Amino acid sequence: MPLRNRLRILATTGLALFTVSASLPPASAHTPRSHHPSGGGLSAVIRYTEYGIPHIVAKDYANLGFGNGWAQAADQVCTLADGFVTLRGERSRYFGQDAAPDGSLSSATKNLSSDLFFRGVRDSRTVEKLLRVPAPAGPSRATKELQRGWAAGYNAWLAQNRITDPSCRGARWVRPVSTLDVAERAFALSVLGGQGRGVDGITAAQPPAATPAPAPPSSSPSPDDAGDAAARLLSTQNADMGSNAVAFRGSTTAGGRGLLLGNPHYPWQGGRRFWQSQQTIPGELNVAGGSLLGSATMSIGHNANVAWSHTVATGVTLNLHQLTLDPADPTVYVVDGKPKRMAKRTVSVGVGGGREVTRTQWWTRYGPVVTSLGAGLPLPWTRTAAYALGDPNAVNLRSGDTALGFSKARSTAGIKEALRRTQGLPWVNTVAADSSGHTLFSQSQVLPRITDELAQRCSTPLGRATYPASGLAVLDGSRSDCAPGSDPDAVQPGIFGPGRMPTVENAAYVENSNDSAWLTNADAPLTGYERVFGTVGTPRSMRTRGAVEDVSAMADAGRLTVADLQHQQFANRAPAGDLAAADLAGACAALPGGTTPGSAGTPVDVSAACPVLRDWDRKVDTGSRGALLFDRFWRRAVSVPAAGLWKVPFSPADPVGTPNTLNTAAPGVLAALADAVAELRGAGIALDAPLGEHQSVLRGERRIPVGGGTEALGIWNKTEGVWDAAAGGYTDVSTGSSYIQAVGWDGGPCPVARTLLTYAQSSNPASPHYSDQTELYSGERWVTSRFCEKDIARSPGLKVVRVREHH
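These numbers were taken from a predicted model, which means no experiment stands behind them. (Residues numbered from 1 in each chain as written. Predicted model: local features only at pLDDT ≥ 70, side-chain atom pairs only at ≥ 80, totals over all residues. Heavy atoms only, no water.)

To continue, consider the pattern of salt bridges. Taken as a whole and judged by the stated rule, the model has 31 salt bridges. Between Asp-487 and Arg-449 there is a salt bridge whose closest N-O contact spans 2.4 Å. Of the two residues, Asp-487 is situated in the loop between β18 (474-476) and β19 (503-505) and Arg-449 in the loop between β17 (439-442) and α12 (452-458); the sequence distance between them amounts to 38 residues. Here Asp-487 matches Arg-449 in class, with each residue buried. One salt bridge connects Glu-679 with Arg-632, and the closest N-O pair in it is separated by 2.9 Å. A residue pair is termed long-range when its members are at least 10 positions apart, and Glu-679 in helix α20 (residues 669-682) and Arg-632 in helix α18 (residues 627-637) qualify at 47 residues. Judged by relative accessible area, Glu-679 falls into the buried class, the value being 18%. Ionic contacts of the salt-bridge type, sharing partners, join the residues Arg-449, Asp-487, Arg-500 and Glu-530 into one network. (Salt bridge = Lys/Arg side-chain N within 4 Å of Asp/Glu carboxyl O. Helix = DSSP H or I, 4+ residues; strand = E, 2+ residues; numbered from the N terminus. Buried < 20%, exposed > 50% of the residue type's maximum accessible area, 1.4 Å probe, protein only.)

See the structure below:
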């Protein structure tokens, strides 16, 4: 029976589906008198199942966006409103110019630089211009209708409800939004790895004085230092976002159909949280999954036939052009011997008390002038040279159309076609599986078309260090033939076309854990792509090594089911422990008198640590004893250079198995153990304490233990804890597993899906869905997805409300 007819039957029977109880999220406070909005306003039906998951049904894209905006506001109004303050360039006015934003929309370290950047975006009408670009280079009408509806839904919720979240209750900065605000949020996410990474350097860039003081020796890094700094800056292993994803081909599964496990690692607080829903337009669209807050489309999810997830990719989405300046005027640069004057963008922002700060930003044909990319990579503007930041995603508002293409796809071929047609993803890979048993990996990113040949021909001395080390090209801006080229199949000029993207189709498994595409399938390494996409034949992270070991063994075992994906998510194996704990325990036991000096030279009795390390189960479950001790040791030990830490060095011939064998004689290794033992004892923490007693999150008055572990340990179920020894250990989670989905098919009409939103739907402590899924995560339990109509209708305590605009 068509969905539209089933809804009509439900609405006219005695099931009381439109009865709204007090247990519904805040949107329930306004029960409509009629099932139909008056005055032709926007409306949607929202059906809430367990854990506050909304299933939104609407007749078209604008109305679907309306329901989405309403439901997101009901759960996350304060977090969303805070983000809109950022986009309006008003953080300094409300929160102080020297305070730090939450980092969700840019890398700005202070509110003032954030405001100057985003007010500049608004004053220059950057996003309005992009909205007018016809599809496919610009956003489609469907995406714009979703955004228009989202803004209307958010505003309607604000108008019809009372905010109970104490973090913004009664705040003057919580205001209605426009469609432009929603589109600007999409823009901010698009440039997050480009202009967003350089906000401080863009807003601080000023031409040198006519007679500058001599620059200090450290103002410009040496090329080698700059290469190291760029590698650290752009490493996906150091980022606050990561992910694992694996898809298995039908030949490896019990039913001959595909399987997908997605495990993105994103911040647990602030504006880059996921939010879970199902979105349906009968006959047009039916998709479930997780959206980044403020997004009107599904970021990661599944429909009846295909499932997909994303991992943060190694492709470098920005480049630099080193400008040759006119010696008489440092705001004039030379291209092909001809002078080009920089454009001035003068921006004023309010900083409170009626005061304003005005700054000028400087723009070139290549992008804005930038004087740093983080503290470690200064790019000084002198009287002879400056640097301009190129970011092709600054003209990319297509991510919503890519997401819509995924949501409507019927196979992995449809996912690939959506990537080809829209080219909207700025900084992620895509991993997908379908009900016919196919798999797909694609590093389809919007990247500047910088080939190795171009980099070799046009790199400046700085670029000759940064490009091999990190993929960051620094090109000669005085030559027009050194601008990024174009591919004929690309949606926009200056980027790689779909035919150049690293892609693997229908392998037994495809997996990514934020390393390059090289070992997507370790049995058939992927090569032949340009350096800007990532490396080949280089050491892999501990998490990649552990993941490849796990998923290749799963594929070899075969007959896989969704239950196997669930087991992999919570296996909580520590690959670093497998490699190093036994050797460390042996070296510990062999110490004369059981003591060894710490890093400060003071002897520490570590004898009690030896049996703890020996008997540790090599896992990071909440009950694992010894996990915390090894964790605190390993965080220190990895500062030892890899060449000294391991006896067997990395070999490209065995990239998963090497390096290995802990070198316990290396300077710093046993000192790291001594420091870890002293630290735990000083905090009153037993060396064999169960991990969950000292790794938890506070929800209300309850501490909820969580498993998982840090990046360096190589844990699939990543948990980056916030360490506070005085408070008893890891007292919060900064980033880690977020919206998790395990999806397969069994031949029936409905996908087999299990999901988990680790930090739950709402950040409002007054919400019943503030910590319910966090409790599930602690107990390694899952939510059974209710995708089909029959399953939604059977949900215990199903609550349904029709939301609408008031006129």
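Our focus in this paragraph is the nonpolar core. In terms of nonpolar packing, the biggest core is built from 164 residues, with Tyr-154, Phe-248, Leu-373 and Ile-415 touching the most fellow members. In terms of residue count, helix α2 (residues 61-88) provides more of this core than any other element does, 15 residues in total. If we skip the residues at most four places from it in the chain, Tyr-154 touches Gly-69, Trp-70, Ala-73, Val-77, Leu-80, Ala-81, Phe-84, Arg-175 and Val-177. (Core = buried A, V, L, I, M, F, W, Y, C linked by side-chain atoms within 4.5 Å. Contact = heavy atoms within 4.5 Å.)

So, about the packing of α2 against helix α4 (residues 111-123). Two elements in contact, α2 and α4, have axes separated by 6 Å at closest approach and are oriented at 70°. Comparing the axis directions of α2 and α4 gives the class roughly perpendicular. Each of Thr-86, Leu-87 and Arg-88 in α2 lies in contact with α4, whose residues at this interface are Ser-114, Phe-118, Arg-119 and Arg-122. For the contact of α2 with α4, the per-class residue count stands at two nonpolar, two polar and three charged. (Axes fitted to C-alpha atoms, helices over the stretch in contact; angles between N-to-C directions. Parallel < 35°, antiparallel > 145°, perpendicular 65-115°, else oblique. Nonpolar A, V, L, I, M, F, W, Y, C, P; charged D, E, K, R; others polar.)

The subject of this paragraph is the sheet that holds strand β5 (residues 274-281). Spatial ordering of the open sheet is given by β19-β17-β16-β8-β7-β6-β5-β2-β1-β32, a layout of 10 strands whose pairing is mixed. The strands lining the two open edges of the sheet, one partner per strand, are β19 and β32 (799-804). Strand-to-strand, the axes of this sheet are offset by a mean angle of 20°, without reference to chain direction. Against the sheet, α2 makes contact with β1 (43-49), β2 (53-57), β5, β6 (285-292) and β32, and its axis sits at roughly 155° relative to β5, the strand it touches most. Across the sheet, helix α11 (residues 412-422) is in contact with β8 (306-312), β16 (428-434), β17 and β19; its angle to β16 comes to roughly 155°. (Pairing = 2+ DSSP bridges.)

As enumerated under the stated definition, the model contains 21 aromatic pairs in all. Aromatic side chains Phe-66 and Trp-70 sit 6.3 Å apart centroid to centroid with 45° between the ring planes, which places their arrangement in the tilted category. Here Phe-66 and its partner Trp-70 are both found in helix α2, four residues apart, which amounts to about one turn of the helix. Each member of the pair, Phe-66 as well as Trp-70, is classed as buried. Linked through ring pairs, Trp-268, Phe-570, Tyr-759, Tyr-777 and Trp-782 together constitute an aromatic cluster. Stacked on the ring of Trp-723, the Lys or Arg Arg-632 has its end atom at 3.9 Å from the ring centre. The ring of Tyr-770 has Arg-699 lying over it, and the distance from NZ or CZ to the ring centre is 5.7 Å. (Phe/Tyr/Trp six-rings, centres within 6.5 Å; stacked < 30°, edge-to-face > 60°. Lys NZ or Arg CZ within 6 Å of the ring centre and 35° of its normal.)

Turning next to unusual backbone geometry. The amide bond that connects Ala-135 to the next residue, Pro-136, takes the cis arrangement and shows omega of 10°. The residue Pro-136 is located in the loop between α5 (126-131) and α6 (141-160) in this model. Put simply, Thr-658 and Pro-659 share a cis peptide bond, and its omega is -5°. Mapped onto the secondary structure, Pro-659 falls in the loop between β23 (646-648) and β24 (660-662). Although it is not a glycine, Asn-572 adopts a positive phi angle of roughly 55°. Relative accessible area serves as the criterion here: at 4%, Asn-572 is assigned to the buried category. Unusually for a residue other than glycine, Thr-661 sits at a positive phi of about 65°. By the secondary structure assignment, Thr-661 is in strand β24.

So, on to the pairing of strand β15 (residues 385-390). Within β15, six of the six residues are buried, which leaves it mostly tucked inside the rest of the structure. Burial along β15 is two-sided: Ala-385, Tyr-387 and Leu-389 facing one way and Ala-386, Ala-388 and Gly-390 facing the other are all buried.

Before going further, it helps to spend a moment on the confidence of the model for the protein chain. On average, residues of the protein chain carry a pLDDT of 93, and 94% of them reach 70 or more. Overall, residues 1-39 carries pLDDT values under 50, and its contacts beyond four positions in sequence, including any with other chains, amount to 66 contacts. (pLDDT = per-residue confidence, 0-100.)

We now examine the pairing of strand β26 (residues 702-705). One ladder, built from four bridges, connects strand β25 (residues 696-699) with β26; its direction is antiparallel. Across the sheet, the residue bridging to Leu-698 is Arg-703, located in β26. In this structure, the hairpin formed by β25 and β26 is closed by a connection of two residues, where Gly-700 is found at a positive phi of approximately 65°.

Attention shifts here to the environment of Ala-231. Assignment of secondary structure puts Ala-231 in helix α9 (residues 223-234). On the basis of relative accessible area, Ala-231 is assigned to the partly exposed category, the value being 28%. Sequence separation between Ala-231 and Ser-407 is 176 residues; the distance between their C-alpha atoms is 35 Å.

Turning next to helix α14 (residues 542-557). Owing to its 3.6 residues per turn, the α-helix brings residues three or four apart onto one side. In this model, α14 (16 residues) spans 23 Å end to end at C-alpha, consistent with the 22 Å of a helix rising 1.5 Å per residue. With respect to burial, α14 is a largely interior element, 12 of its 16 residues being buried. Every buried residue belonging to α14 is among Met-542, Arg-543, Thr-544, Arg-545, Gly-546, Ala-547, Val-548, Asp-550, Val-551, Ser-552, Met-554 and Ala-555, and all of these are buried. (Expected span 1.5 Å × (residues − 1).)

Applying the stated criterion across every chain, the model contains four disulfides. Residue Cys-458 pairs covalently with Cys-482 via a disulfide, S to S 2.1 Å. Taking the torsion about the sulfur-sulfur bond, which here is approximately -80°, the covalent link between Cys-458 and Cys-482 counts as left-handed. In this pair, Cys-458 sits in helix α12 while Cys-482 sits in the loop between β18 and β19, placing the two residues 24 residues apart along the sequence. When sorted by exposure, Cys-458 lands in the same class as Cys-482, which is buried. Two residues share a disulfide in this structure: Cys-750 and Cys-788, whose sulfurs sit 2.0 Å from each other. Between Cys-750 and Cys-788, the S-S torsion sits near -125°, and that sign places the bridge as left-handed. One end of the pair, Cys-750, is in the loop between β29 (739-744) and β30 (752-757); the other, Cys-788, is in the loop between β31 (783-784) and α22 (789-793), and 38 residues separate them in sequence. The buried category is assigned to Cys-788, whose relative accessible area is 14%. Indicated for the protein chain is the disulfide connectivity 1-2, 3-4, 5-6, 7-8, based on numbering the bonded cysteines in sequence order. (Disulfide = S-S within 2.5 Å.)

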